Amino acid sequence: MSIKELDTTYIAHTYKRFPLEIVSGKGSLVYDEAGKEYIDLGSGIAVTSFGVADDVWQQAVIEQIGKVQHMSNLYYTAPCAKLAEMLCRKTGMKKVFFSNSGAESNECAIKAARKYAAETHGPDCSTIVTLKNSFHGRTLTTLAATGQEHYHELFQPLTPGFVHVTAGDLDELKALADTTNIAGILIECVQGEGGVVPLSKDYVQGVAALCKEKDILFMVDEVQTGNGRTGQLYAYMNYGVQPDIVSTAKGLAGGLPLGATLLGDKVQNVFGYGDHGSTFGGNPVSCAAALSVLSRIDDALLAEVREKSAYLFDTFQGAPGIESVSGLGLMIGLKTKKPAGEIVAACMEKGVLCLTAKDKVRLLPALNIPMDLLRKAAEIIKAVCAA
Ligand SMILES: *Cc1c(COP(=O)(O)O)cnc(C)c1O
């Protein structure tokens, strides 16, 4: 059987794959089984922060694999401790819990919020508020957090205690806070899966202020927006706010599984021995990869991300066949006249890999994509949208 036939026969049908097998790559170029070259503007959904098989990243991974690949959380390992220190130093957060994915990083955030609220305000203070149109993961609890009904169907009952409010409507949230014991509010500063929709500065600052006033934990899901993606190390840094809890994953280790939940002042000591755990969490190879990735996301790289973002906005805004451009940094959504799926298929044919998010074409290129490749890909997308 061919790879495609094996996959269709033996893999559960949860993914509708493109008719394309990727066998190798370098940076922002990837190659299919016939040797055809593609410019990758998806980065494995914001995961390969420095592209595919990047030399510096590879060296960090190989070096750690040759020392020790896993020891469990029963022992100290250097990459895990050093990465936690780097994350706290760069964010002002106080403690870190490591896991393996975005959903798990949110699970930990929710557990931290529930325990803090139960201890501080009593066991009835357990509601977690999230936004309509949000996405927080696929476990039964993070599905409950996800404010999109179509993900919930046929998986009931989900974890109770979640309420979804309208993004941008601070009055609705204030009214809810007057009648409900809210433990925490979890937001994405830019809704990714929801269609690359940034929240307004007023709203995010209003949520943060309300949280402070009512001792509600202000939690930011930086799984997709984190690690340089929006032109700041974390998206909340564009908004002039300081969260109590930050969850992140996708781009953190540049292509290896790693989730992190960062705990601020209020919740830094909420967990005691045995309260939470993960066998693979803090894996030394993933952490060594993340140390390499994070140490390269400096001011110069972030400035480059913002410049490339401005270039993409300039190129696409008002272009024929493109109705609007949304996003922040190198997280871009295009509302196109033709259906997004058709645009993505036509771009693939012409050697450019894009994603969709709801009814939009979504671009999540590597943070270090060379300008010439970005220009070439953008011209192809423009031509496809105009056709
Ligand atoms: C992708 C994503 C998740 C889920 O991450 P997994 O690693 O797939 O569990 C959670 N929140 C946001 C905002 C995401 O984009």
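Rules used in this analysis
Residues numbered from 1 in each chain as written. Predicted model: local features only at pLDDT ≥ 70, side-chain atom pairs only at ≥ 80, totals over all residues. Heavy atoms only, no water. Helix = DSSP H or I, 4+ residues; strand = E, 2+ residues; numbered from the N terminus. Expected span 1.5 Å × (residues − 1). Buried < 20%, exposed > 50% of the residue type's maximum accessible area, 1.4 Å probe, protein only. Contact = heavy atoms within 4.5 Å. Near = heavy atom within 4 Å. Polar contact = N/O pair within 3.5 Å; in protein donor to acceptor, adjacent residues only side chain to side chain. Areas by Shrake-Rupley, 256 points an atom, 1.4 Å probe, with all protein chains shown as cover. Nonpolar A, V, L, I, M, F, W, Y, C, P; charged D, E, K, R; others polar. Pairing = 2+ DSSP bridges. Axes fitted to C-alpha atoms, helices over the stretch in contact; angles between N-to-C directions. Patch = residues over 30% accessible without salt bridge, like charges linked within 9 Å, V, L, I, M, F, W, Y side chains within 5 Å. Salt bridge = Lys/Arg side-chain N within 4 Å of Asp/Glu carboxyl O. Parallel < 35°, antiparallel > 145°, perpendicular 65-115°, else oblique. Left-handed = near helix turned anticlockwise from the far one by under 90°. Domains from an automatic or database assignment. Buried area = accessible area lost by both parts, 1.4 Å probe.

## Description of helix H10 (residues 299-316)
- If you check H10, its first and last C-alpha atoms are 26 Å apart, about what 18 residues at 1.5 Å a residue would give, namely 26 Å.
- Among all positions in H10, only Leu301, Leu302, Val305, Lys308, Ser309, Tyr311, Leu312, Phe313, Thr315 and Phe316 are buried.
- Against helix H9 (284-296), strand S13 (322-328), strand S14 (331-336), strand S17 (360-363) and helix H12 (371-386) lie the buried residues of H10.
- Note on H10: the residue one or two positions beyond its end, glycine 318, has a positive phi of about 80 degrees.

## Quick word on the site of the ligand
- Taken together, Ser101, Gly102, Ala103, Asn106, Phe135, His136, Gly137, Glu188, Asp221, Val223, Gln224 and Lys250 are the residues near the ligand.
- In the model, a nitrogen atom of the ligand is placed 3.3 Å from a nitrogen or oxygen of the phenylalanine 135 main chain.
- Separating an oxygen atom of the ligand from a side-chain N or O atom of glutamine 224 is a distance of 2.8 Å.
- Taking 380 Å² as the accessible area of the ligand by itself, protein coverage stands at 81%.
- With three residues, helix H5 (residues 102-121) is the largest single contributor of residues to the shell around the ligand.
- The residue inventory of the shell around the ligand, partitioned by class, reads three nonpolar, six polar and three charged.

## As for the sheet that holds S14
- Pairing in this open sheet of four strands is antiparallel, and the strands run S13-S14-S17-S16 from one edge to the other. The sheet is open, and its two edges are formed by S13 and strand S16 (355-357), each paired on a single side. Pairwise comparison of adjacent strand axes, ignoring direction, gives a mean angle of 30 degrees for this sheet.
- In terms of strand pairing, S14 meets S17 through three bridges, oriented antiparallel. By the bridge assignment for S17, isoleucine 332 is matched with leucine 363.
- Across the sheet, H10 is in contact with S13, S14 and S17; its angle to S13 comes to roughly 165 degrees.

## Things to note about unusual backbone geometry
- Of note, the bond from glutamine 156 into proline 157 is cis; its omega dihedral lies within 30 degrees of zero at -5 degrees.
- Phi is positive for serine 72, which is not a glycine, with a value near 75 degrees.
- You can call serine 72 partly exposed: its relative accessible area is 24%.
- With a phi angle near 60 degrees, asparagine 227 is a residue other than glycine that sits in the positive phi range.

## Examining a nonpolar patch on the surface
- Together, Met1, Ile3, Leu6 and Tyr10 line one region of the surface with nonpolar side chains, adding up to about 470 Å² of accessible area.
- Looking at the element boundaries, methionine 1 is found in the segment before helix H1 (3-10).

## Describing the side chain of threonine 48
- Along the polypeptide, threonine 48 turns up in the loop between helix H2 (43-46) and helix H3 (55-65).
- For threonine 48, a relative accessible area of 15% corresponds to the buried category.
- Contacts of threonine 48, omitting those with residues within four sequence positions, involve Ser43, Gly254, Gly255 and Ala366.

## A few points about the packing of helix H7 (residues 170-179) against helix H8 (residues 201-214)
- The N-to-C vectors of H7 and H8 enclose an angle of 15 degrees; their axes lie 10 Å apart at closest approach. By the criterion of interaxial angle, the relationship of H7 to H8 is roughly parallel. Like other packed secondary-structure pairs, H7 and H8 cross with a definite hand, here right-handed. Listed contacts from H8 to Leu170, Leu173, Lys174, Ala177 and Asp178 of H7 are Tyr203, Gly206, Val207, Leu210 and Lys214.

## Notes on the pairing of strand S7 (residues 182-187)
- Within S7, six of the six residues are buried, which leaves it mostly tucked inside the rest of the structure.
- Looking at chain direction, strand S5 (residues 127-131) and S7 are connected through four bridges and run parallel. Across the sheet, residue isoleucine 128 finds its bridge partner in S7, namely glycine 184.
- Inspection of the sheet shows S7 paired to strand S10 (residues 217-221) by four bridges, in the parallel sense. Bridging from a neighbouring strand, isoleucine 187 pairs with valine 220 of S10.

## Some thoughts on the domain arrangement of the protein
- According to the domain assignment, the protein contains domain 1 (3-54 + 299-386) and domain 2 (68-296).
- Here the C-alpha centroids of domain 1 and domain 2 sit 26 Å apart.
- Opposite the 29 residues of domain 1 that make contact, domain 2 presents 27 residues.
- On the domain 1 side of the contact with domain 2, Leu328, Met331 and Lys358 bury the most area, a combined 27% of that side's loss.
- Counting the contacts that link domain 1 with domain 2 gives two salt bridges.
- The closest approach of N and O atoms between glutamate 193 and arginine 362, which form a salt bridge, is 2.9 Å.
- Scanning the region where domain 1 abuts domain 2 turns up eleven residue pairs in polar contact (both at pLDDT 80 or more).
- It is H10 that contributes the most residues to the side of domain 1 that touches domain 2, four residues altogether.
- Of the residues that constitute the side of domain 1 that touches domain 2, the class distribution is 16 nonpolar, eight polar and five charged.

## Section: the pattern of salt bridges
- Inspection of the entire model under this criterion finds 14 salt bridges.
- Aspartate 7 is the salt-bridge partner of arginine 17, the closest N and O atoms lying 3.0 Å from each other. Taken as a pair, arginine 17 in the loop between H1 and strand S1 (22-26) and aspartate 7 in helix H1 lie far apart in primary sequence, ten residues in all.
- Residue aspartate 7 is classed as partly exposed on the basis of its relative accessible area of 24%.
- For aspartate 275, the salt bridge is made with lysine 115, and the minimal N-O distance between the two is 2.6 Å. Of the two residues, aspartate 275 is situated in the loop between strand S12 (259-263) and H9 and lysine 115 in helix H5; the sequence distance between them amounts to 160 residues.

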